[in-house]
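Inside the fold
Single-letter residue listing:
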Amino acid sequence: MTKMSDLLERVTAFRAAFARRQASETVELPGAFAVRDSDFPQSQEHNQLIVHASDADPAALPELAAQGLGPRQQYRITVLDEALGERATPVLAAAGYDRDTELILARETAGCALPEPAAHPVELAELRAAVFRQQLDWGLDEDLARQLTERRTARLRGAEKVSFLAARTPDGEVAAWADLYLDRTAGLAQLEDLVTAVLHRKQGHGDTLLATGLALAASAGIPQLFLVADATDWPREWYSCRGFTELGRSYSFLNR
């Protein structure tokens, strides 16, 4: 096994473990498991089928999703194994599912130091208004926006240490935020859900969050930081310019 494939294997295991730990309920299924959370019923992240086995039967996945999640308007199926995701694509497309491709990007943390100014860990209470306002700006209704804001409380269960990072304007307003997950046992850190509020974009806040996450991971003795990026969106190139390389891909399917 190459160094890159070993790292991808560890990242995949971490992602599956994180999903299990943050879930309020899990349902074990052949080659997969469903995560459920009745507090956030509209959050696809917290109510989905996660396929971890590389030899799962693609044709069985829609039924497994229905079995594990119960009646839902939409079913999300995340396939962590790249080859299985490719095989499952035509089968799930025929069953009415659209596919999103997720890039797994990583880089080493050695030598990373805190930027000046740095982002800082905060409580959700300090982020709540900014996150909720951003959800509304994206056109979500208030109930969905509330759930997608408050679901961060579930993420606190997902890793050994979960922090919410905030970058601020000079006058102290929250301008951007991200989750940072640190797991010394796995030797991995993950930066997730990095968002800059619309009014504060193109001011370097994303770089501040990224540099802070890398530095905090390095100071915790964690050698690798990874993240998941949409294959079709601009952050793919943004992260590439900042030293991240692609480890592999996973796929998320959502029925129409």
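Look a little higher up for the structure.
Report on the accompanying structure. Values in this document were obtained by computation on a predicted structure and should not be read as measured data.

**A word on the pairing of strand S3 (residues 48-51)**
Neither face of S3 is exposed, since Gln 48 and Ile 50 on one face and Leu 49 and Val 51 on the opposite face are all buried. Inspection of the sheet shows strand S2 (residues 32-36) paired to S3 by 4 bridges, in the antiparallel sense. Bridge assignment links Ala 34 to a residue of S3, and that residue is Leu 49. Bridge count between S3 and strand S4 (residues 76-79): 3 bridges; the pairing is parallel. Each bridged residue has a counterpart across the sheet, and for Val 51 the counterpart in S4 is Val 79. With helix H2 (residues 61-69) bridging S3 and the parallel S4, this β-α-β connection has right-handed handedness.

**Some thoughts on the layout of surface pockets**
Each pocket or cavity is described by its volume, and for the second largest pocket that value is around 180 Å³. Residue lining of the second largest pocket: Pro 117, Ala 118, His 120, Val 122, Ala 166, Ala 167, Arg 168, Gln 203, Gly 204, His 205 and Thr 208, and that is the complete set. For the lining of the second largest pocket, the elements supplying multiple residues, two or more each, are strand S6 (120-122), strand S7 (161-168) and helix H7 (205-219). Per-element accounting of the lining of the second largest pocket gives the leading share, 3 residues, to S7. Here the lining of the second largest pocket is built from residues that sort into 5 nonpolar, 5 polar and 1 charged.

**Examining the packing of aromatic side chains**
The final tally for this structure, using the stated rule, is 5 aromatic pairs. Their ring planes at 70° and their centres at 5.5 Å tell us that Tyr 239 and Phe 244 sit as a pair that is edge-to-face. Phe 244 carries the same exposure label as Tyr 239, and that label is buried. An aromatic cluster of at least three residues, connected via ring pairs, comprises Phe 14, Phe 18, Tyr 181 and Phe 226. In this structure, Arg 20 packs its charged tip against the face of Phe 33, placed 3.8 Å from the ring centre.

Cut-offs and rules
Residues numbered from 1 in each chain as written. Predicted model: local features only at pLDDT ≥ 70, side-chain atom pairs only at ≥ 80, totals over all residues. Heavy atoms only, no water. Buried < 20%, exposed > 50% of the residue type's maximum accessible area, 1.4 Å probe, protein only. Helix = DSSP H or I, 4+ residues; strand = E, 2+ residues; numbered from the N terminus. Pairing = 2+ DSSP bridges. Right-handed = clockwise from strand over helix to strand, strands pointing away. 1 Å grid on protein atoms, 1.4 Å probe; cavity = no way out; pocket = protein on both sides within 12 Å on 5 of 7 lines; lining within 4 Å. Points joined across faces, edges and corners; volume = space filled by probe spheres on them. Nonpolar A, V, L, I, M, F, W, Y, C, P; charged D, E, K, R; others polar. Phe/Tyr/Trp six-rings, centres within 6.5 Å; stacked < 30°, edge-to-face > 60°. Lys NZ or Arg CZ within 6 Å of the ring centre and 35° of its normal.

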